[in-house]
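If you want the building blocks of each chain, they are given just below.
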Amino acid sequence: MVRTGPIHTGWLTRAALGAALACASPCVLAQGVGPVPTPAQLEEGAREVREGAVTPPDYADPAMWSAGPEGPGPAGALPQGATPNTADPGVAVFYVHPTTFLSQEDDWTQDPADAEANRWTDESVVQRQASAFSACCEIWSPRYRAASANALRSRPHTDAAYALAYTDVERAFDWFLEHIGEGRPFILAGHSQGGKHVGDLLEKKVAGTPLQERLVAAYIVGINIAEAEVPLRFGSVPVCDHADQTGCLVQWNAILAGTKLDPIVSAYEKSFTDIYGAQPGQQMVCVNPVTFERSQPSSLSAQAKGVVPGSPGFGPMKPLRKGVVAARCERGMLVVYPAPGLGLEPLPGTGVMHYHDIGLFWADIRVNARLRAQRWLATHR
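Residues numbered from 1 in each chain as written. Predicted model: local features only at pLDDT ≥ 70, side-chain atom pairs only at ≥ 80, totals over all residues. Heavy atoms only, no water.

With 19 residues, helix α9 (residues 362-380) should cover 27 Å at 1.5 Å per step; its first-to-last C-alpha distance of 27 Å lies within 8% of that length. Buried residues along α9 sit against β2 (91-96), α3 (115-129), β4 (186-191), β5 (215-221) and β6 (248-250). (Helix = DSSP H or I, 4+ residues; strand = E, 2+ residues; numbered from the N terminus. Expected span 1.5 Å × (residues − 1). Contact = heavy atoms within 4.5 Å.)

Shown next, in the form of structure tokens:
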């Protein structure tokens, strides 16, 4: 039986959250809880992940897309009062959803055909996140055998579950490229687990290949990418310095003002230094998603274009609230000051606003993605 609920990240306990925050993007978003597994335990965990996984999804089947071949799906639903886009966007977005399978014991990966999990994915996540790209892009969002919440809590299984999930994401991306039209520009976008997979796609399939020329931007949200990691992994794909820049990436992690930054910043930076060693640039990338200008790391509430209020859940989104969140990048984290009454809660027992990394800036992302898409089209055609 699938369990769904307000926590779609799979970070269900403070211990699991601590593990999740302790891993840089080249590894996994959460390494699980407990001692470091032995090679034998890792081998056994990988076997259990393989044997427990369902058949890989067939991306020629429209049912294997939350949004895609037969229309925008839930990503076409907008907050009340938001204006639909009526023009041909000219650009496609490949959006990868975060962890949405809150599994029972021994379920390590999501079944892409599970109706209950898919409803949660569609209405609570894709509708609230991918829809932010509706003004610029035709939205495609695959279903995939995502690592489950249980895999996030079990160190012997986490790496294997993420690796298996990535094989689906990569095949879906290949199918996407074959069917959006030859030479069509695209945006990569993902949050949390989806952000990890999008980062891996950028590194393995796009950066340094002919596809890089078609990249409008990559929105890799809710994971931890260090400044020095960007050239090491993505080569000539830089962090976006300007709001209208193309062929670049943005990243942020929202945290409630007043939360102690030291534990999270230290964990993030240690995850980088454990892999690459101590060096300049181990601070995480933070691009303020209101200004989208690296030279403007702070923004006032009056600048914010629109928040999606309320916690993730089923049903339609509430009306956008304009001018209700200030934000500033500090030590690689995006410190946010939301107005009272928005119904936006941090992860339990923390100040981490992971649920709302995109919803806090829904209208700002929408405007920015359209700006980048228009700039790409104006300079390439």
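Right, let's talk about the sheet that holds strand β10 (residues 333-338) for a bit. Strands belonging to one sheet form pairs held by backbone hydrogen bonds; the direction of such a pair is parallel or antiparallel. In space, the four strands of this open sheet follow the order β7-β10-β9-β8, with mixed pairing throughout. The sheet is open, and its two edges are formed by β7 (254-256) and β8 (298-299), each paired on a single side. Pairing analysis gives two bridges linking β8 to strand β9 (residues 325-330), with the strands arranged antiparallel. Considered in β9, the bridge of S298 is made with R328. (Pairing = 2+ DSSP bridges.)

Before going further, it helps to spend a moment on the pairing of β9. As paired elements, β9 and β10 share six bridges and run antiparallel to each other. Bridging from a neighbouring strand, E330 pairs with M333 of β10. If you look at the hairpin formed by β9 and β10, you'll find two residues sitting between the two strands, and R331 has a positive phi there, around 55°.

I187 and Y219 are the most contacted members of the largest nonpolar core, which has 89 residues in total. Tallying contributions element by element places helix α5 (residues 155-179) first for this core, with eight residues. Look past the residues within four positions of I187 in its chain and what remains in contact with it is V91, A92, V93, F94, F133, C136, C137, V216, A217, Y219 and A369. (Core = buried A, V, L, I, M, F, W, Y, C linked by side-chain atoms within 4.5 Å. Buried < 20%, exposed > 50% of the residue type's maximum accessible area, 1.4 Å probe, protein only.)

Below, the discussion takes up the sheet that holds β2. Taken together, the six strands give an open sheet; going across it, the order is β1-β3-β2-β4-β5-β6, and neighbouring strands pair in mixed fashion. Looking at strand neighbours, the two that pair on one side only are β1 (65-67) and β6, the edges of this open sheet. In this sheet, neighbouring strand axes are inclined to one another by 20° on average, regardless of whether the strands run parallel or antiparallel. Two elements, β4 and β5, share six bridges in a ladder whose sense is parallel. By the bridge assignment for β5, F186 is matched with L215. Where α3 meets the sheet, its contacts fall on β1, β2, β3 (137-142) and β4, and the angle it forms with β2 comes to roughly 140°. Of the strands in this sheet, β2, β4, β5 and β6 touch α9, which is tilted by about 155° from β5. (Axes fitted to C-alpha atoms, helices over the stretch in contact; angles between N-to-C directions.)

Turning our attention to the state of the cysteines. Applying the stated criterion across every chain, the model contains three disulfides. Put simply, C136 and C137 are joined by a disulfide, and their sulfur atoms are 2.2 Å apart. On the sign convention where negative means left-handed, the S-S torsion of about -90° between C136 and C137 marks this disulfide as left-handed. Two residues, C240 and C248, share a disulfide whose sulfurs are 2.0 Å apart. Sign of the S-S torsion, about 95° for the bond between C240 and C248, identifies this disulfide as right-handed. Here C240 and C248 have matching classes, each one buried. (Disulfide = S-S within 2.5 Å.)

This prediction gives the protein chain a mean pLDDT of 89; 91% of its residues lie at or above 70. Across residues 1-32, where pLDDT falls below 50, the model places 119 contacts with residues more than four positions away in sequence or in other chains. (pLDDT = per-residue confidence, 0-100.)

Turning next to the packing of α5 against helix α6 (residues 193-206). Each pair of packed helices gets described by two things: the angle between the helix axes and the distance between those axes. For the pair α5 and α6, the least separation of the axes is 10 Å and the interaxial angle reads 60°. Judged on the interaxial angle alone, α6 and α5 are oblique. Judged by the twist between their axes, the crossing of α5 over α6 is right-handed. Facing α5, whose interface residues are Y162, A165, Y166, V169, E170, F173 and D174, α6 presents Q193, K196, H197, D200, L201, K204, K205 and V206. Looking at the contact of α5 with α6 residue by residue, the classes come out as seven nonpolar, two polar and six charged. (Parallel < 35°, antiparallel > 145°, perpendicular 65-115°, else oblique. Left-handed = near helix turned anticlockwise from the far one by under 90°. Nonpolar A, V, L, I, M, F, W, Y, C, P; charged D, E, K, R; others polar.)

To continue, consider helix α8 (residues 262-276). An ideal rise of 1.5 Å per residue puts 21 Å on 15 residues; α8 measures up with 21 Å between its terminal C-alpha atoms. Considered for burial, the residues of α8 that qualify are I264, V265, A267, Y268, E269, S271 and F272. Residues of α8 that are buried make contact with α7 (229-234), β7 and β10. Among the residues trailing α8, G277 stands out with phi positive, at a value near 85°.

Glancing now at the pairing of β5. Taken across its seven residues, β5 has seven buried, putting it largely inside the fold. Taken together, β4, α6 and β5 form a β-α-β motif whose crossover is right-handed. Tracing the backbone out of β5, into α7 and back to the parallel element β6 gives a crossover that is right-handed. (Right-handed = clockwise from strand over helix to strand, strands pointing away.)

Our next topic: the pattern of salt bridges. This structure, assessed with the given rule, holds 18 salt bridges. Here E123 makes a salt bridge to R119, at a shortest N to O gap of 3.1 Å. Remark: R119 and E123 occur in helix α3; sequence separation between them is four residues, near one turn of the helix. Take R119: its relative accessible area is 44%, and that puts it in the partly exposed class. R294 serves as the salt-bridge partner of E227, at 2.9 Å between the closest nitrogen and oxygen. (Salt bridge = Lys/Arg side-chain N within 4 Å of Asp/Glu carboxyl O.)

Turning our attention to the packing of helix α2 (residues 39-52) against α5. Relative orientation of the contacting elements α2 and α5 amounts to 45°, with a least axis distance of 8 Å. When the axes of α2 and α5 are compared, the pair comes out oblique. The element α2 and its partner α5 pack so that their crossing is right-handed. Contact with α2, carried on its side by Q41, L42, G45, A46, E48 and V49, involves R155, P156, H157, A160, A161 and L164 of α5 and no other residues of that element. Its residues assigned to classes, the contact of α2 with α5 comprises seven nonpolar, three polar and two charged.

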